[in-house]
Amino acid sequence: MALLGCGVVGSQVIRLLDEQAADLAARIGAPLELAGVAVRRLGRKRDVEVAPDLLTTDAETLVARDDIDIVVEVIGGIEPARTLIVSALNNGKSVVTANKALLAEDGATLYEAARAGNGDLYFEASVAGAIPLLRPLRESLAGDHVKRVLGIVNGTTNYILDKMDTTGASFTDALEEAQTLGYAEADPTADVEGFDAAAKAAILASLAFHSRVTAADVHREGITEITATDVASAKAMGYVIKLLAICARSDDGRSFGVRVHPAMIPRTHPLAGVREAYNAVFVEAESAGQLMFYGKGAGGAPTASAVLGDIVAVARNRIAGTRGPAESTYADLSAHPMGETVTRCHVALDVADKPGVLATVADLFAKHDVSIQTVRQEGHGDDAQLVIVTHRATDAALTATMESLRELDIVRAVASVMRVEGDD
């Protein structure tokens, strides 16, 4: 077996391979032997001791060796990971990867290489760390009809939003705390702008809907615009704000929508209680009903646990002369645009405090076929604000409504717009 990368996750994979060698051999039916570890710099200090003769900077030669049966990729990024994985698969090796970005951008190329080389491609660790989620979607629910996947799949953003909710901290202060504790990178863009969650949503949708989905199909919004005021307002109404990944079939079953954005959910919803850097995902299937998967979504040891599970699976397959599930795209559904997605909104408007304001605003919502579920006025004079929660409407209709509201003289500002999930 070859390991590509010896960072936070790779070092934990090596540790577990060593500590659990006897158990792993018993579970597989043969011992696992680490034949090489590809790294960028040989002399770098690592979290785990690696025999010097195992280390190499020549990853291409390592994955091409005839004595390598399984390649484990934990270096991340698009290149050189794609080239190395494709090379390994084309040469008949099985691959275990945690590379969500690559799978979401070009999973088709990896699956085709696996088919051509008659090898396995496993990637449980790519979406939710230690949480067993992808294998249930790919195998356990293969006889069911998945209608919706809804969840928290990024621990960094969940930690930030949780701290904003529980302590009243600003986004900036909560982010700095997350960075200090190691939950956020020095450059947190991939997390706070939703790129990480969008890649994971694409993988989830592809498995759930048996269709090819890429990150480009995912509507993405981050959390950088969420303020302490937004969080406090949601809290006062009995809601909490979470960054959600939502994959849902259309009512007619002919298409699906995939989106990542912050949303208000009721505090009675199970996802509202997901704290700190934890992940949780709901899967709704036609026969199985609602299933919830919860646990640590990141970190070296939790992610390594998922990697080891995949290693055991592909090793068993090789011994038995079989393969695991290949890509399933038979449904070939298309992703519909965000504008066609039906959702609900919480809208806060800074308005002039005078008679007729509510009637004018309500008429404008009706003009765009958006009905109002609840409305209340807060404050007086210059502090007057209307807080509106809509019934379900297309995102295009809601967007058009917001644009029209900004043109009204009686509306000083659209203070905030937040989608609402989980209470309908």
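Remember, it's a predicted structure, so these values are computed and weren't measured experimentally.

Definitions and cut-offs
Residues numbered from 1 in each chain as written. Predicted model: local features only at pLDDT ≥ 70, side-chain atom pairs only at ≥ 80, totals over all residues. Heavy atoms only, no water. Core = buried A, V, L, I, M, F, W, Y, C linked by side-chain atoms within 4.5 Å. Buried < 20%, exposed > 50% of the residue type's maximum accessible area, 1.4 Å probe, protein only. Contact = heavy atoms within 4.5 Å. 1 Å grid on protein atoms, 1.4 Å probe; cavity = no way out; pocket = protein on both sides within 12 Å on 5 of 7 lines; lining within 4 Å. Points joined across faces, edges and corners; volume = space filled by probe spheres on them. Helix = DSSP H or I, 4+ residues; strand = E, 2+ residues; numbered from the N terminus. Salt bridge = Lys/Arg side-chain N within 4 Å of Asp/Glu carboxyl O. Pairing = 2+ DSSP bridges. Expected span 1.5 Å × (residues − 1). Bend = angle between axes of the 7 residues up to and from the residue. Phe/Tyr/Trp six-rings, centres within 6.5 Å; stacked < 30°, edge-to-face > 60°. Lys NZ or Arg CZ within 6 Å of the ring centre and 35° of its normal.

K.L.:
Before we move on, can you summarise the nonpolar core with the specific residues and values?
P.N.:
Judged by nonpolar contacts, the single largest core of 77 residues is most densely connected at Leu133, Ile160, Leu204 and Val283. Filtering out sequence-adjacent residues up to four positions away, Leu204 remains in contact with Val127, Leu133, Leu134, Leu137, Val149, Val153 and Cys247. Membership of the second largest hydrophobic core comes to 32 residues, among which are Leu3, Val9, Leu16 and Ala306.

K.L.:
How would you sum up the layout of surface pockets? Please name residues and give values.
P.N.:
Size it by volume and the second largest pocket reaches roughly 660 Å³. Forming the walls of the second largest pocket are 25 residues, and the residues nearest its centre are Arg148, Ala248, Arg249, Asp251 and Arg392. Going through the elements one at a time, strand 7 (146–152), strand 9 (239–249), strand 10 (255–266), strand 11 (278–285) and strand 14 (342–351) are the ones with two or more residues in the lining of the second largest pocket.

K.L.:
Tell me what's going on with the pattern of salt bridges, and back it up with residues and numbers.
P.N.:
For the structure on display, the rule yields 20 salt bridges. Lys147 is paired through a salt bridge with Glu284; the nearest N and O atoms lie 3.7 Å apart. Residue Lys147 is found in strand 7, and its partner Glu284 is found in strand 11; the two are separated by 137 residues along the sequence. The salt bridge involving Glu327 is made with Arg212; its shortest N-O contact spans 2.7 Å. With a gap of 115 residues between them, Glu327 in the loop between helix 13 (300–320) and strand 13 (334–335) and Arg212 in the loop between helix 11 (195–209) and strand 8 (219–220) connect regions that are remote in the sequence.

K.L.:
Run through the sheet that holds strand 3 (residues 55–56), naming residues and quoting values.
P.N.:
Taken in spatial order, the six strands make up an open sheet running 3-2-1-4-5-6, and their pairing is parallel. Looking along the sheet, the strands with just one partner apiece sit at the ends: strand 3 and strand 6 (121–122).

K.L.:
Got a sec to walk through helix 5 (residues 100–117)? Specific residues and values, please.
P.N.:
Counted at 1.5 Å a residue, the expected span for helix 5 with its 18 residues is 26 Å, but the 22 Å between its end C-alpha atoms falls short. Most pronounced at Asp106, the bend in helix 5 amounts to some 90°. Along helix 5, the positions that sit buried rather than exposed are Leu102, Leu103, Ala104, Asp106, Gly107, Leu110, Tyr111, Ala113, Ala114 and Gly117. At its buried positions, helix 5 is contacted by helix 4 (81–90), strand 5 (94–97), strand 6, helix 6 (125–128), helix 7 (134–140) and helix 11. Of the residues trailing helix 5, Asn118 is marked for its positive phi of about 60°.

K.L.:
How would you sum up the side chain of Lys163? Please name residues and give values.
P.N.:
For Lys163, the location among the structural elements is in helix 8 (residues 155–167). Every residue in contact with Lys163, bar those within four places of it in the chain, is listed here: Gly168, Ala169, Ala174, Glu177 and Glu276.

K.L.:
Explain the packing of aromatic side chains to me, using residue names and the numbers behind them.
P.N.:
On inspection of all chains with the given rule, the structure shows four aromatic pairs. Ring centres 6.2 Å apart and planes at 85° place the aromatic pair Tyr111 and Phe123 in the edge-to-face group. Remark: Phe123 occurs in the loop between strand 6 and helix 6 and Tyr111 occurs in helix 5; sequence separation between them is twelve residues. Of the two residues examined, Tyr111 and Phe123, each falls in the buried class. With centroids separated by 4.8 Å and ring planes inclined at 45°, the aromatic side chains of Tyr159 and Tyr183 adopt a geometry described as tilted. In this pair, Tyr159 sits in helix 8 while Tyr183 sits in the loop between helix 9 (171–180) and helix 10 (189–192), placing the two residues 24 residues apart along the sequence. Above the ring of Tyr122, the side-chain terminus of Arg138 is found at 5.0 Å from the ring centroid. Above the ring of Phe195, the side-chain terminus of Arg220 is found at 3.8 Å from the ring centroid.

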